[in-house]
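# Descriptive structure summary
These are the residues of each chain, in order.
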Amino acid sequence: MVHLTTGDSQLGRAEPVEDSARVISRMVDLVMIRTFEQSKLEGFASQSRVPVINGLTNEYHPCQILADVFTFIEHRGSIEGKTVACVGDGNNMANTWLHPAEVLGFTVHVSTPSGYGVDPAVAGISNTSCYKVFKDPLEACRGAHLVTTDVWTSMGYEAENEARRQAFADWCVDAEMMAAAQPDALFMHCLPAHRGEEVQADVIDGPQSVVWDEAENRLHVQKALMEYLLLGRIG
Ligand code: NVA
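Residues numbered from 1 in each chain as written. Predicted model: local features only at pLDDT ≥ 70, side-chain atom pairs only at ≥ 80, totals over all residues. Heavy atoms only, no water.

Under the criterion given, the structure shown has nine salt bridges. A salt bridge links glutamate 37 to lysine 40, with the nearest nitrogen and oxygen atoms 3.2 Å apart. Glutamate 37 gets classed as partly exposed once you look at its relative accessible area, which sits at 34%. For lysine 40, a relative accessible area of 41% corresponds to the partly exposed category. A salt bridge links arginine 76 to aspartate 184; the nearest nitrogen and oxygen atoms lie 3.5 Å apart. In this pair, arginine 76 is assigned in helix α3 (residues 62–76) and aspartate 184 in the loop between α8 (175–180) and β7 (186–189), connecting sequence segments 108 residues apart. Linked through salt bridges whose partners overlap, the residues forming this network are Asp89, Glu160 and Arg164. (Salt bridge = Lys/Arg side-chain N within 4 Å of Asp/Glu carboxyl O. Buried < 20%, exposed > 50% of the residue type's maximum accessible area, 1.4 Å probe, protein only. Helix = DSSP H or I, 4+ residues; strand = E, 2+ residues; numbered from the N terminus.)

Here we come to the sheet that holds β7. Across the sheet, which stays open at both edges, the five strands sit in the order β5-β4-β3-β6-β7 with parallel pairing between neighbours. Looking along the sheet, the strands with just one partner apiece sit at the ends: β5 (131–133) and β7. Strand after strand, the sheet turns through a mean of 20 degrees between neighbouring axes, direction not considered. The sheet contact formed by strand β4 (residues 107–111) and β5 spans three bridges and is parallel. Looking at β5, one finds that histidine 109 is bridged to lysine 132. Here α3 sits on the sheet and contacts β6 (146–149) and β7; the angle it forms with β7, its principal contact strand, is near 160 degrees. (Pairing = 2+ DSSP bridges. Axes fitted to C-alpha atoms, helices over the stretch in contact; angles between N-to-C directions. Contact = heavy atoms within 4.5 Å.)

Take the pairing of strand β2 (residues 52–56) next. Of all five residues in β2, four are buried, a share of seventy percent or more. Across four bridges, strand β1 (residues 31–34) lies against β2 in parallel orientation. Of the residues in β2, the one forming a bridge with arginine 34 is leucine 56. After leaving β1, the chain enters helix α2 (residues 38–47) and then returns to the sheet as β2, a path that is right-handed. (Right-handed = clockwise from strand over helix to strand, strands pointing away.)

This is the structure in structure tokens:
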């Protein structure tokens, strides 16, 4: 495995990302990119000879959502027809929850502070009936089979930290929200978690939380993804 940061590569010398793709993809079998703008990743992928995996962008976090869907199925069986509540930021995680909702047939309840909602155009879904927007996070959790949240401030948005702390104060997953969900609802968080901000400690450290399985499953789904991309088969 070769790990390249901007400073380790010609990207640090303002080489166009497409040119880096032309070179790097002649030397490796797979590339994973963790960056900010999705357009950079797509610029790289447009000139890559090998598959490019999105390891996280501002817009999407597909490897995490693969792990989350797998974790749900591992614990509760099929996710079809179920409801997932996304409480907090309408960010890369919330956007990406909409993708499997459309493909696998479940519903996403989204509750964000005003001005931080999901944008279906950014999410890139064609069927908007797979999600519902709620002003009140408690109502978003009502009847949900899975309650999930994420940091109030994602990587790259640190300058907004103080404004976000104020805007998101009521979007903290607590015992009352979990009680409004299904009795056997799961709790997930992609980590890192901030207890007392987006989630209370008794939820993330409580019996409904599967965050450590979720973290471990990043390894397993990404191994499966690599096998699929390299060998064209699953299992
Ligand atoms: N939404 C978070 C996910 C961290 C794994 C971020 O982008 O920082």
